[in-house]
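Inside the fold
For reference, the chains in residue letters:
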Amino acid sequence: MTTVTPTDTQTKPAQRLFIPGPTDVLPDVLAAQTAPMIGHRSDEFESLFAKVEKQLQELFFTQNRVYIVAASGSGLHEAAIRNGVRGRVLNFVNGAFGQRWHQVSLGCDKEAIRVDVTWNTAVKPEIVAEALEKALADGPVDAITVVHNETSTGVMSPVGEIAAVVREISPETLVMVDAVSSFAGVKIPVDEWGLDICLTSSQKALALPPGLAFCAVSDRVLARAETVKGRGWYFDFLNLEKSLQKSTTPATPAISLMRALSVQLDHIFAEGLEARFARHARLAQKAQRWAVERGFELAAEEGYRSHTVTNVANTRNISIKELNRHLATQDMQISNGYGIFKDKAFRLAHMGEVTDQDMDRLFAAMDAYLARQGQ
Ligand SMILES: Cc1ncc(COP(=O)(O)O)c(C=O)c1O
């Protein structure tokens, strides 16, 4: 059965990018960027800012502030560490982006303790509890970092349960979550789960061009920031907070991108948040089913599979390069496995404005390629 979503009813071009970001952007969202410039210290800008701020709070399910910065998600990895960590931070690493956050922590000269978790598996509350208790034996831990949706492996970790465990063991430890490739595709109730920082960027399930990043920040983080030295300036939350009170940003904002954001947020709310999350979950099921029915295995741990990117083990040993060449003839693209999984896996992303019909078109093209290979 094909399901029609609100995005089908506008003239949405067929999806081209089945890679985990950047994703395709709707034409009117792209067009919003071409409006003439305005000054950022103007009433017009402040009302644009106030509108998107309110919508973002709703999308993060938070009463906390959401900072909007002209940066990619990695910028907010750095902001989180610079503002929330005085001394020690535990970085959970079950993929490439957890690893990046660890490197960022080291780069900010913090005492960063790396906790490795097998790739393709989730960071689980019991793993966090054990590592945190062990680290606490040597002194306080200012924060833990964890990636909600590891784009490199297609694994989603239960960050709500993780936050609960951290609160129980060490209430003063801040919980910092990277939701770069799940936000706006998967429900993340920031306040209910007690996430101190939840960060994301524009080019994934939000279906915007790259260049903006967003982060919900708790009062606890601001209180901590007041005690942290070396917060820098661009990402200093205390600076961002002062400007936010006036519906603006300390430095010149990416006005064109914020216009695009405003249009896209309207699309997201028109679809309905629950419908959007359900669509992503359904497309993940569809991708998993396709892979298994074609004789592939799923690389990500069962029970923790991502709703936005499906990681398929290349158990049929197909050429992913050739497959992508074939897909390119129909203006489509998928992703190879990440890093050491190159050619050993491939990733099908279904995030943003992807519809059932888009997935059917992709699978038809992939099936044609497999048939031609006689595989
Ligand atoms: C889970 C995750 N975290 C962080 C990043 C880095 O984000 P950005 O490329 O926006 O800096 C990515 C990028 O793919 C990601 O997938």
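**Topic: the overall build of the chain**
Helix and strand counts for the chain stand at 14 helices and 14 strands. Rg of the C-alpha trace for the chain: 21 Å, near the compact-globule value of 21 Å for 375 residues, within the 12% margin. Summarising its shape, the C-alpha atoms of the chain cover approximately 65 × 55 × 30 Å along the three principal directions. In the chain, the proportion of contacts linking residues at least 24 apart, taken out of those at least 6 apart, comes to 72%. As presented, the chain carries roughly 14500 Å² of accessible surface, and 52% of it is formed by carbon and sulfur atoms. Side chains of the chain carry 39 positive and 44 negative charges; the gap between the two charge centres is 5 Å.

**Quick notes on the side chain of T308**
Along the chain, T308 turns up in the loop between β11 (297-298) and β12 (309-313). Classification of T308 as buried rests on a relative accessible area of 0%. Here the side chain of T308 touches N149 through a polar contact of 3.0 Å, side chain to side chain. Excluding residues within four positions of it along the chain, T308 makes contact with N149, S181, S182, G185, V186, H280, L348, A349, H350 and M351.

**Observations regarding the packing of aromatic side chains**
Taken as a whole and assessed by the stated rule, the structure comprises ten aromatic pairs. Aromatic side chains F45 and F49 sit 6.2 Å apart centroid to centroid with 55 degrees between the ring planes, which places their arrangement in the tilted category. Separated by four residues within a single helix, F45 and F49 lie in helix α3 (residues 43-59), roughly one turn from each other. Ring plane angle 75 degrees and centroid distance 5.0 Å describe the contact between Y234 and F235, whose orientation is recorded as edge-to-face. Its relative accessible area of 37% is what places Y234 among the partly exposed residues. Note on F235: relative accessible area 14%, which makes it buried. By way of ring pairs, the aromatic residues W290, F296, F346 and F363 are connected into one cluster. The ring centre of Y304 lies 5.0 Å from the NZ or CZ of K124, which sits over that ring.

**Observations concerning the sheet that holds β12**
If you walk across this open sheet you meet the five strands as β1-β13-β14-β12-β11, and the pairing is mixed. In the strand order of this sheet, the two ends are held by β1 (17-18) and β11, each with one partner. Sheet strands in contact with helix α12 (residues 273-293) are β11, β12 and β14 (345-349), and its direction is about 10 degrees off that of β12. Running at roughly 165 degrees to strand β13 (residues 333-336), helix α13 (residues 320-328) makes contact with β13 and β14 of the sheet.

**Description of the site of the ligand**
The full set close to the ligand counts 15 residues, and S72, S74, T151, D178 and K204 are the nearest of them. Between the ligand and the protein, one listed contact pairs an oxygen atom with a backbone N or O atom of G73 at 2.7 Å. T151 is positioned with one of its side-chain polar atoms (N or O) 2.4 Å from an oxygen atom of the ligand. Here the ligand has 390 Å² of accessible area as a free molecule, and 89% of this is covered by the chains. Secondary structure elements with two or more residues in the shell around the ligand: α4 (73-84) and α5 (96-107). With three residues, α4 is the largest single contributor of residues to the shell around the ligand.

**Some details on the confidence of the model for the chain**
Per-residue pLDDT for the chain has a mean of 96; in total, 97% of the residues score no lower than 70. Ignoring residues within four places in sequence, the model shows residues 1-8, a span with pLDDT below 50, making 18 contacts including any to other chains.

**Comments concerning the pattern of salt bridges**
What the rule picks out here adds up to 25 salt bridges. R86 is the partner of D142 in a salt bridge, and the nearest nitrogen-oxygen pair spans 3.4 Å. A residue pair is termed long-range when its members are at least 10 positions apart, and D142 in the loop between α6 (125-136) and β5 (143-147) and R86 in the loop between α4 and β3 (88-93) qualify at 56 residues. A residue is classified by how much of its surface remains accessible, and R86, at 45% relative accessible area, is partly exposed. In this structure, E271 engages R279 in a salt bridge whose closest nitrogen and oxygen atoms are separated by 2.7 Å. Residues E271 and R279 agree in their burial class; the two are buried. What emerges from the salt-bridge pattern is a single network uniting E271, R276, R279 and E353.

Conventions and cut-offs
Residues numbered from 1 in each chain as written. Predicted model: local features only at pLDDT ≥ 70, side-chain atom pairs only at ≥ 80, totals over all residues. Heavy atoms only, no water. Helix = DSSP H or I, 4+ residues; strand = E, 2+ residues; numbered from the N terminus. Rg over C-alpha atoms; globule rule 2.2 N^0.38 Å. Contact = heavy atoms within 4.5 Å. Areas by Shrake-Rupley, 256 points an atom, 1.4 Å probe, with all protein chains shown as cover. Lys, Arg positive; Asp, Glu negative; His and termini not counted. Charge placed at Lys NZ, Arg CZ, Asp CG, Glu CD. Buried < 20%, exposed > 50% of the residue type's maximum accessible area, 1.4 Å probe, protein only. Polar contact = N/O pair within 3.5 Å; in protein donor to acceptor, adjacent residues only side chain to side chain. Phe/Tyr/Trp six-rings, centres within 6.5 Å; stacked < 30°, edge-to-face > 60°. Lys NZ or Arg CZ within 6 Å of the ring centre and 35° of its normal. Pairing = 2+ DSSP bridges. Axes fitted to C-alpha atoms, helices over the stretch in contact; angles between N-to-C directions. Near = heavy atom within 4 Å. pLDDT = per-residue confidence, 0-100. Salt bridge = Lys/Arg side-chain N within 4 Å of Asp/Glu carboxyl O.

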